[in-house]
Structure formats: C-alpha cells, structure tokens
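# Fold and contact review
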Amino acid sequence: MKKFKQFLCFKEFVAEFIGTFILVVIAKSSSLNLTALQADGAVSTLLGSLAAGLGVMTGIIVTGGASGGHINPAVSVAMTACRKLPIYKLPAYLLGQYLGAGVGAALVLFLYSGQHGLALASYPGLVVDPLPLVVDQLTATFLLVLGIAAVVEQNLQPGGLLVGLIVVGVGLALGPNAGAAMNPAVDFMPRLLSALWSSSVPFYKGDNFFWLVPLIVPHVGGLLAVFTYKFGIVGLRQNIEEKGKVEENGNVEENGKVEENGKVEEML
C-alpha cells in the first residue's frame, strides 16, 4: 500500500486538492457576494482581486511544504516543462487541482443555495473580440508565472504573500477585461458545477466559446513565462557572472606572473 501511494504521489495529490479547494472557496464566495450585493465595478474589481490573492496565499501557506503549493495547472505544467517538477508527478498535481476546485465550487454553491451561480466563472468584460481576449489571458498568466518563477528561483520570502500580491496586481490590472482567470482548474470546474446545478449553459455565454480561452491559453502563458525567466533573466545573469569570474581569474594570473618576475629580479 505504501509503494502504491508513492507511485500515485498521494501526498502531493492531497496537498494540491486541499490548496485548490481553499482557493476556490475564498475567491468564489467573494465573487458570489459581490454579485449578490451588486457592488460597483471598481469596488468589485478591488475586492475580488484581494479575495483571489488571499485565497492563493492561504492555499500556498497550507500546502507549500507538501507540494510546493502550485494550486494551478498552468503553474504545474510550466514547472514540469522547466524540470522543476518531475513529469511522473504531474498527473497527481492536475487531478488534485481539478478535483479540489470542483469540490470547492460545490461547497460554495451549496452554501449560497445556488444563487448567482454564474458568477463562479469568468466572462468577457470590457472587450469581446476573440484576439484581445486570448492575449489578455496569455498576458495575465504570463505575468503570474513570471513572478512565481522569480519568487522560487530567488527564494524570496514570504513566498505565499508575494505570490498572493502578484495575483492581486494582475487582477486589478486585467480583471475588468476578461476576469483574469489565470487558473484553468479554478475557472473550468466552478463553471461546470454551476451549469450542472442550474441546468444552464454558461459554457456558451459570450461569443466564440470563450470558456475555452481560460481553459487552454493560461498553459501557453505559463510556458512562455518560465522560459522567458530561464533564458532572459537567469541565463543572462549567469553569463555575466561567468564572464566576470574569467576576467577576475585572468587578472590574478597576470598579477602572479608580475610578482614572480619581481622576485626573480630581486634575486639577481
């Protein structure tokens, strides 16, 4: 049984399940509250972004020691691509995230008796044209994962708070445009559960099957982010450091020859 659990990466699966569950309960409950209270657009963006950031922070605090606190399929896929996460663990991470988001969404719907269930998903806001919506989701996830890569690589602390603040910043900047989903599991599973609960068709709300955009595009944004950081930040920094070491070693060797020649001259 122990070997079976290790093979399934049971620890990571449970951690990602719990972390994503926490994120969904905090963030989506806030969305339902703001919709029910008919909050002003600017107030809704501010409070919604804060709730999402706090949900991410809480999820990371709880699960960071067990799984790294990805709680986002786009993050896990990106970490696998840059070899920070072994590929054999990826299925456990993804399964935990999607199931955790589903159970979290079911709880939120139950707590609010299914009222305003459509608020559980993101929709086109200030723009409705397909290309800007795709670029919006690409940019939002790119900024999020780029920030996460920096926090991880530089070991910045407290990591959970910093990532949460990144989510708040991206949400404030791009949230009104198309919801700044950035997380395929946290958008898709609540969308699916709200459709099943209300027998509605939120998958088709808006034009051009928008629900596919936050499901697919964040993965592309995450991959672009990790490789941008790897080659654009870490790679260039290492090249400069190596060049500095070579120059320093060259000066040392040159000075050594001068000193050695000086001693020879003295002896003569």
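Residues numbered from 1 in each chain as written. Predicted model: local features only at pLDDT ≥ 70, side-chain atom pairs only at ≥ 80, totals over all residues. Heavy atoms only, no water.

## A look at the overall build of the protein chain
- Helix and strand content of the protein chain: nine helices and zero strands.
- The order of α-helices and β-strands along the protein chain, N terminus first, is α-α-α-α-α-α-α-α-α.
- Across the 268 residues in the protein chain, those meeting the buried criterion constitute 43%.
- Of all intrachain contacts in the protein chain linking residues separated by at least 6 positions in sequence, the fraction that spans at least 24 positions is 80%. (Helix = DSSP H or I, 4+ residues; strand = E, 2+ residues; numbered from the N terminus. Buried < 20%, exposed > 50% of the residue type's maximum accessible area, 1.4 Å probe, protein only. Contact = heavy atoms within 4.5 Å.)

## Here we look at the packing of aromatic side chains
- Taken as a whole, this structure holds four aromatic pairs when the rule is applied.
- Judged by centre distance (6.3 Å) and plane angle (45°), the rings of Phe13 and Phe17 are tilted. Taken as a pair, Phe13 and Phe17 lie in helix 2 (residues 10-36) at a separation of four residues, close to a single helical turn.
- Judged by relative accessible area, Phe17 falls into the partly exposed class, the value being 23%. (Phe/Tyr/Trp six-rings, centres within 6.5 Å; stacked < 30°, edge-to-face > 60°.)

## Re helix 4 (residues 73-81)
- Burial runs high along helix 4: eight of the nine residues are buried.
- Taken residue by residue, helix 4 has Pro73, Ala74, Val75, Ser76, Val77, Ala78, Met79 and Thr80 as its buried positions.
- Put simply, Asn72 is the residue that caps the front of helix 4, since its side-chain oxygen is 2.9 Å from the backbone nitrogen of Ala74.
- Following helix 4 by one or two positions, Arg83 has its phi on the positive side, about 65°. (Polar contact = N/O pair within 3.5 Å; in protein donor to acceptor, adjacent residues only side chain to side chain.)

## A closer look at the layout of surface pockets
- Here the second largest pocket defines a volume of roughly 170 Å³.
- If you go around the second largest pocket, the residues you meet are Met79, Cys82, Lys84, Ala149, Val152, Glu153, Val226, Tyr229, Lys230 and Val234.
- Secondary-structure elements contributing two or more residues to the lining of the second largest pocket are helix 6 (130-153) and helix 9 (212-267).
- Across the lining of the second largest pocket, the residue classes break down as seven nonpolar, no polar and three charged. (1 Å grid on protein atoms, 1.4 Å probe; cavity = no way out; pocket = protein on both sides within 12 Å on 5 of 7 lines; lining within 4 Å. Points joined across faces, edges and corners; volume = space filled by probe spheres on them. Nonpolar A, V, L, I, M, F, W, Y, C, P; charged D, E, K, R; others polar.)

## Structural notes on the side chain of Ser49
- Structurally, the position occupied by Ser49 is in helix 3 (residues 41-67).
- Non-local contacts of Ser49, meaning those with residues more than four positions away in its chain, are made with Val168, Gly171 and Leu172.

## Describing the confidence of the model for the protein chain
- On average, residues of the protein chain carry a pLDDT of 86, and 85% of them reach 70 or more.
- Note that residues 257-268 has pLDDT below 50 and, in this model, zero contacts with residues that lie over four places away or in other chains. (pLDDT = per-residue confidence, 0-100.)

## Looking at a nonpolar patch on the surface
- Taken together, the side chains of Val43, Leu46, Leu47, Leu50, Leu54 and Leu172 define a hydrophobic patch exposed on the protein surface, amounting to about 470 Å² of accessible area.
- When residues of the nonpolar patch are assigned to their parent elements, the largest contribution, five residues, is made by helix 3.
- Assignment of secondary structure puts Leu50 in helix 3. (Patch = residues over 30% accessible without salt bridge, like charges linked within 9 Å, V, L, I, M, F, W, Y side chains within 5 Å. Areas by Shrake-Rupley, 256 points an atom, 1.4 Å probe, with all protein chains shown as cover. Salt bridge = Lys/Arg side-chain N within 4 Å of Asp/Glu carboxyl O.)

## Side note on the packing of helix 5 (residues 90-111) against helix 8 (residues 184-198)
- Two elements in contact, helix 5 and helix 8, have axes separated by 8 Å at closest approach and are oriented at 45°. With respect to their mutual orientation, helix 5 and helix 8 come out oblique. Judged by the twist between their axes, the crossing of helix 5 over helix 8 is right-handed. On helix 8, the residues that touch Gln97, Tyr98, Ala101, Gly102, Ala105, Ala106, Leu109 and Phe110 of helix 5 are Pro184, Ala185, Val186, Phe188, Met189, Pro190, Leu193, Ser194 and Trp197.
- The residue inventory of the contact of helix 5 with helix 8, partitioned by class, reads 14 nonpolar, three polar and no charged. (Axes fitted to C-alpha atoms, helices over the stretch in contact; angles between N-to-C directions. Parallel < 35°, antiparallel > 145°, perpendicular 65-115°, else oblique. Left-handed = near helix turned anticlockwise from the far one by under 90°.)

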